[in-house]
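Analysis of the macromolecular model
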Amino acid sequence: MNRDFWKDSAASLRESETKTADNKRESVKQTQHHNEKNSSDTVRQLENAYGKYAFGLRNDKYVIKISRKSEFREEVFDNSREKLNENRLNEEKVSGGRILSDSHKKDDSALIYEENFKYSSPERIFMNLKLAAEKENKLTLNEMFPKREDIEKKVFQSLKASVEAIKNEYKNTDETPFFKRAFNYVSGSGNDETDDTNSNMSDE
């Protein structure tokens, strides 16, 4: 599905800032202390006037949160498309991972694509996500991930950068808790590495 909004100048995907360092620290503390089932931490995100991709961690797994929001040229729609109610999740197994959506609005809510990425490459995760977009009847996913090379390239670049950053943290000593290492990256210690990754992908 290729919605008309992709023809609008406001549909250009841009990388936006994630949570502040203080909020990240608090998020990580909550994850470690409460081990919340649905807690997550965003590493990178892409956004336009009509929706957003958020790439990050969830229960020690890689996740992509995909959401939509209505703009002035669209009819107002249910806010479940903009924010997923994680107290009523529906799980569907897909190639490589699973899709979590609102159990009351399975086909058109915001959603989470989740995959165990420890032994998987960014390329494989991207292809699994693309396959899900092609095969699953999920309106938000279908609209935000149309069959367009320019959009696919931007999504892949952010996905790859976030996966590689998180994997690099796994390589650190086991004496440092994983979520603490992940926080060190997203709060600034991995900036140089991220810049290198971005420059390499820009050349692709």
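It should be emphasised that the depicted structure is a prediction, and the values quoted were computed from it without experimental measurement. Residue numbers here run from 1 along each chain, matching the order of that chain's written sequence. Given that the model is predicted, a residue must reach a pLDDT of at least 70 before its local features are reported, and side-chain atom pairs must reach 80 or more before they are shown or counted; all residues, however, enter totals for whole chains, interfaces and linings. Computation of side-chain values covers all heavy atoms of the structure but excludes hydrogens and water.

1. Some words on the overall build of the protein chain
Helix and strand counts for the protein chain come out as six helices and seven strands. Labels follow the DSSP assignment, with helices taken as runs of H or I lasting at least four residues and strands as runs of E lasting at least two, numbered in each case from the N terminus. Taken from the N to the C terminus, the helices and strands of the protein chain come in the order β-α-β-β-β-β-β-β-α-α-α-α-α. Accessibility here uses a 1.4 Å probe with only protein chains present; expressed as a share of the type maximum, an area under 20% marks a residue as buried, one over 50% as exposed, and anything in between as partly exposed. Going through the 204 residues of the protein chain one by one, you find that 47% of them count as buried. When checking whether two residues touch, look at their non-hydrogen atoms; a contact exists if any pair is within 4.5 Å. Nonlocal contacts in the protein chain, meaning residues at least 24 apart in sequence, comprise 59% of its contacts between residues at least 6 apart. For the area figures, the Shrake-Rupley method with a 1.4 Å probe applies, and any residue is considered shielded solely by the protein chains shown. Accessible area for the protein chain stands at about 11000 Å²; split by element, carbon and sulfur atoms hold 42% of it.

2. So, the pairing of strand β3 (residues 51-58)
Counting buried positions along β3 yields seven of eight residues, so the element is predominantly enclosed. Should DSSP find at least two bridges between two strands, the strands are taken to pair. Where β3 lies against strand β4 (residues 61-68), eight bridges are found, and the strand directions are antiparallel. Note that in β4 the partner of Gly-56 across the bridge is Val-63.

3. So, the confidence of the model for the protein chain
Confidence of the prediction at every residue is given by pLDDT, a number between 0 and 100. Here the protein chain averages 78 in pLDDT, and 70% of its residues register 70 or above. For residues 20-36, every residue scores under 50 in pLDDT, and the model assigns this stretch 26 contacts once sequence neighbours within four places are set aside. Across residues 185-204 the pLDDT falls below 50, and counting only partners more than four positions away or on other chains, this stretch makes 27 contacts in the model.

4. Focus on the pairing of β4
Burial analysis of β4 places six of its eight residues in the buried class, the great majority of the element. Hairpin remark: β3 followed by β4, antiparallel, with two residues in the connecting loop; positive phi at Asn-59, about 50 degrees.

5. Here we look at the pattern of salt bridges
What makes a salt bridge here is a side-chain nitrogen of Lys or Arg within 4 Å of a carboxyl oxygen of Asp or Glu, nothing more. As enumerated under the stated definition, the model contains 17 salt bridges in all. Across the pair Glu-47 and Lys-69 runs a salt bridge, and its minimum N-O distance is 3.4 Å. Of this pair, Glu-47 sits in strand β2 (residues 40-48) while Lys-69 sits in the loop between β4 and β5 (89-94), placing them 22 residues apart in sequence. Residues Glu-92 and Lys-138 are paired through a salt bridge, measuring 2.5 Å at the closest nitrogen-oxygen approach. Taken together, the positions of Glu-92 in strand β5 and Lys-138 in the loop between α2 (122-135) and α3 (139-144) put the pair 46 residues apart, joining distant regions of the chain. Assessed through its relative accessible area of 2%, Lys-138 is described here as buried.

6. Comments concerning the side chain of Lys-138
A polar atom in the side chain of Lys-138 sits 2.5 Å from the side chain of Glu-92. Contact partners of Lys-138, with chain neighbours within four places excluded, come to Glu-92, Ile-99, Ser-101, Lys-106, Asp-107 and Leu-111. Polar contacts, as used here, are pairs of N or O atoms within 3.5 Å; protein pairs need one atom able to donate a hydrogen and one able to accept it. Residues neighboring in sequence count only if both atoms are side-chain atoms.

7. Structural notes on the nonpolar core
Only buried residues count toward a nonpolar core, which is a set of Ala, Val, Leu, Ile, Met, Phe, Trp, Tyr and Cys residues joined through side-chain atoms within 4.5 Å. Counting 33 residues, the largest nonpolar core has Tyr-53, Tyr-62, Ile-64 and Leu-141 as the members making the most contacts within it. When residues of this core are traced back to their parent elements, those giving at least two are β2, β3, β4, β7 (111-115), α2, α3 and α4 (149-170). For this core, the element with the most residues is α4, which contributes six residues. Those residues in contact with Ile-64 that lie beyond four places of it in its chain are Tyr-53, Ala-54, Phe-55, Leu-111, Ile-112, Tyr-113, Leu-129 and Leu-159. Judged by nonpolar contacts, the second largest core, of five residues, contains Val-63, Leu-100, Ala-110 and Ile-112.

8. Examining the packing of aromatic side chains
A pair of Phe, Tyr and Trp rings is counted when the ring centres sit within 6.5 Å of each other, with Trp represented by its six-membered ring. The angle between the planes then sorts it: under 30 degrees is stacked, over 60 is edge-to-face, the rest tilted. Applying the stated criterion to the full structure yields six aromatic pairs. The interplanar angle of 40 degrees and the centroid separation of 5.0 Å between the aromatic rings of Phe-5 and Trp-6 together place this pair among those described as tilted. Trp-6 matches Phe-5 in its accessibility class, with the two residues each being buried. Members of the aromatic cluster, joined through ring pairs, are Phe-5, Trp-6 and Tyr-50. Lysine and arginine charges are scored as sitting over a ring when NZ or CZ, respectively, is within 6 Å of the ring centre and within 35 degrees of the ring normal. Its guanidinium or amino end placed over the ring of Phe-77, Arg-81 lies 4.6 Å from that ring's centre, counting from NZ or CZ.

9. A short note on the side chain of Arg-81
Following the sequence through the fold, Arg-81 ends up in the loop between β4 and β5. What makes Arg-81 buried here is its relative accessible area of 7%. Discounting residues that sit within four places of it in the chain, Arg-81 has contacts with Ser-67, Arg-68, Asp-108, Ser-109, Ala-110, Leu-139, Thr-140 and Glu-143.

10. Section: α2
To estimate how far a helix should extend, the number of its residues minus one is multiplied by 1.5 Å. The end-to-end C-alpha distance of α2 is 20 Å, a good match for the 20 Å that 14 residues give at a rise of 1.5 Å each. Among all positions in α2, only Pro-122, Ile-125, Phe-126, Asn-128, Leu-129, Ala-132 and Ala-133 are buried. Seen end-on, α2 carries its buried residues on one side only, within an arc spanning 160 degrees. This arc is taken over the directions from the axis of the helix to the C-beta atoms.

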